[in-house]
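# Understanding the architecture of this molecule
Here is how the chains run, residue by residue.
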Amino acid sequence: MRNFVAEFFEAIVPSVKAEEPEDSPVTDEEALEDAELENEVDEEADEEDEEEEEEEPEDIMPKIQQKCANSSICHEYKHHFDECVERVTKAQEEPGYEDLEYKEDCVEEFFHLSHCVNECTAPTLFRALK
């Protein structure tokens, strides 16, 4: 299931916009997770600096996106997306699926998850790129 989400992220342009969820106050736990994500990225960037300069630098964005998708910040959106994928997969296995007029997809859930991940990824990514 994780690979499925990662493949979606790689297939979509990171600037996809969706409706913003209702703003909720940032809790200490979310702020702590943001700080932990930043520290991990800083450590990875330091390790990359120590490697040979001739090597092409590794893209850290997919790693940051994966961490954000699995963090509590985007947990609700990932949960809804995973449930939708499971529901659609189950429906596709049922007989007569091809004859249905309406076939559910998970585009809306994916866009909400993608937007959340992009909002979480951007500050960490840009700090690492400085």
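Residues numbered from 1 in each chain as written. Predicted model: local features only at pLDDT ≥ 70, side-chain atom pairs only at ≥ 80, totals over all residues. Heavy atoms only, no water.

Identification of the chain as Ubiquinol-cytochrome C reductase hinge domain-containing protein from Lipomyces orientalis is taken from an unreviewed UniProt entry.

### Observations concerning the overall build of the chain
Let me state the cut-off plainly: For the purposes of this entry, the term helix denotes a DSSP run of H or I that reaches at least four residues, the term strand denotes a run of E that reaches at least two, and both are numbered from the N terminus. Burial classes follow relative accessibility: with a 1.4 Å probe on protein chains only, a residue under 20% of its type's maximum area counts as buried, one over 50% as exposed, and anything between as partly exposed. The criterion used for residue contact is that any of the two residues' heavy atoms lie within 4.5 Å. Exposure was quantified through the Shrake-Rupley algorithm and a 1.4 Å probe, taking into account, for residues, occlusion by the shown protein chains and nothing else.
Scanning the chain from N- to C-terminus turns up five helices and zero strands. Going from N to C terminus, the chain has its helices and strands arranged as α-α-α-α-α. Within the chain, the proportion of its 130 residues that are buried is 30%. Contacts in the chain between residues far apart in sequence, at least 24 positions, make up 78% of those at least 6 positions apart. Accessible area for the chain stands at about 9,600 Å²; split by element, carbon and sulfur atoms hold 48% of it.

### What about the packing of helix H3 (residues 61–69) against helix H5 (residues 107–129)?
Where we set the bar: Axis definition: a line fitted to C-alpha atoms, over the contacting stretch in the case of helices. Angles run 0 to 180 degrees between N-to-C directions. We call two directions roughly parallel when the angle between them is under 35 degrees, roughly antiparallel when it is over 145, roughly perpendicular when it lies between 65 and 115, and oblique otherwise. Helix crossings get a hand from a simple test, with the near helix turned counterclockwise from the far one by less than a right angle marking a left-handed crossing and a clockwise turn marking a right-handed one. Each residue gets one of three labels, nonpolar for Ala, Val, Leu, Ile, Met, Phe, Trp, Tyr, Cys and Pro, charged for Asp, Glu, Lys and Arg, and polar for the others, Gly among them.
One way to put it is that H3 packs onto H5 with a least axis distance of 9 Å and a crossing angle of 130°. The angle between H3 and H5 falls in the class oblique. For the element pair H3 and H5, the recorded crossing hand is right-handed. Residues Met61, Ile64, Gln65, Cys68 and Ala69 of H3 touch H5, and the partners they reach there are Val117, Asn118, Cys120, Thr121, Thr124 and Leu125. Taken together, the residues of the contact of H3 with H5 break down into seven nonpolar, four polar and no charged.

### As for the state of the cysteines
Disulfide: a covalent bond connecting the sulfur atoms of a pair of cysteines. Basically, it comes down to this: Working definition: a disulfide is two cysteine sulfur atoms within 2.5 Å of each other.
The full count for this structure, using the stated rule, is three disulfides. The disulfide partner of Cys68 is Cys120, and the S-S distance across this bridge is 2.2 Å. Looking down the S-S bond of the Cys68 and Cys120 bridge, the torsion is -70°, so its handedness is left-handed. Of this pair, Cys68 sits in helix H3 while Cys120 sits in helix H5; the two residues are 52 residues apart in sequence, bridging distant segments of the chain. This pair shows no difference in class: Cys68 is buried, exactly as Cys120 is. Between the sulfur atoms of Cys74 and its disulfide mate Cys116 the distance is 2.1 Å. Every disulfide takes its handedness from the sign of the S-S torsion; for Cys74 and Cys116 that torsion is -95°, giving left-handed. With Cys74 in the loop between H3 and helix H4 (75–93) and Cys116 in helix H5, the pair connects residues that are 42 residues apart, well separated along the chain. Summarising the burial analysis for this pair, Cys74 and Cys116 share the class buried. Within the chain, bonded cysteines paired by disulfides and numbered along the sequence follow the pattern 1-6, 2-5, 3-4.

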